[in-house]
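Each chain, written out:
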Amino acid sequence: MDSLDHMLTDPLELGPCGDGHGTRIMEDCLLGGTRVSLPEDLLEDPEIFFDVVSLSTWQEVLSDSQHEHLQQFLPQFPEDSAEQQNELILALFSGENFRFGNPLHIAQKLFRDTELAESGFV
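The name given to the protein in an unreviewed UniProt entry is Nuclear factor related to kappaB binding protein, with Mandrillus leucophaeus as the source organism.

Structure (structure tokens):
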């Protein structure tokens, strides 16, 4: 995850939030072999999650090197691999189902449900 290391390790600016104490609750997550702290709201609130994990983020925020790094985790196709990967990315961000659902929607639900289970609400 070399191309994303700075995104995972740079400290977030913690501004004021709803509780008035100026801190945000962070959750530790294991992504691959890397432990990262992510804002609880990102993991629990689908609207925030999908504002961040979106086609516009893919197109407007991530660099070409970050695209290349992430694309290595997509399936490789025998013909027109790059074109088919682009179609897969569009389908992924548009919410299309892949056999048993959309992987992004499944991931967000797992983040949310795991957090609720750990907090004792489930």
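More follows now that the structure is in view.
Peer 1: Explain the environment of Phe50 here, please?
Peer 2: By secondary structure assignment, the location of Phe50 is in helix 3 (residues 46–52). Given the relative accessible area of 24%, Phe50 is considered partly exposed. As for Phe50 and His105, which are separated by 55 residues in sequence, their C-alpha atoms are 8.7 Å apart.

Peer 1: What is the right way to read the side chain of Thr57 from this model?
Peer 2: Within the fold, Thr57 resides in helix 4 (residues 55–60). Among the residues examined, Thr57 registers a relative accessible area of 19% and is labelled buried. Setting aside chain neighbours within four positions, we find Thr57 in contact with Asp51, Val52 and Leu62.

Peer 1: I'm lost on the packing of aromatic side chains in this one. Help?
Peer 2: One pair of aromatic rings is described through two measures. These are the centre distance and the angle between the planes. Scanning the entire structure with this criterion turns up 3 aromatic pairs. Note on Phe49 and Phe50: the rings are 5.0 Å apart at their centroids and 90° apart in plane angle, and the pair reads as edge-to-face. Accessibility expressed as a relative area gives 6% for Phe49, which makes it buried. Members of the aromatic cluster, connected to one another through ring pairs, are Phe49, Phe50 and Phe111.

Peer 1: Just to check I follow, could you spell out the nonpolar core for this structure?
Peer 2: Cys29, Val36, Leu38, Leu42, Leu43 and Phe49 form the largest nonpolar core, which has 6 residues in total. Put simply, the parts of the chain that give this core at least two residues each are strand 2 (34–39) and helix 2 (40–44). Setting aside chain neighbours within four positions, we find Leu43 in contact with Glu27, Cys29, Leu38, Gln108, Phe111 and Arg112.

Reading the values: the criteria
Residues numbered from 1 in each chain as written. Predicted model: local features only at pLDDT ≥ 70, side-chain atom pairs only at ≥ 80, totals over all residues. Heavy atoms only, no water. Helix = DSSP H or I, 4+ residues; strand = E, 2+ residues; numbered from the N terminus. Buried < 20%, exposed > 50% of the residue type's maximum accessible area, 1.4 Å probe, protein only. Contact = heavy atoms within 4.5 Å. Phe/Tyr/Trp six-rings, centres within 6.5 Å; stacked < 30°, edge-to-face > 60°. Core = buried A, V, L, I, M, F, W, Y, C linked by side-chain atoms within 4.5 Å.

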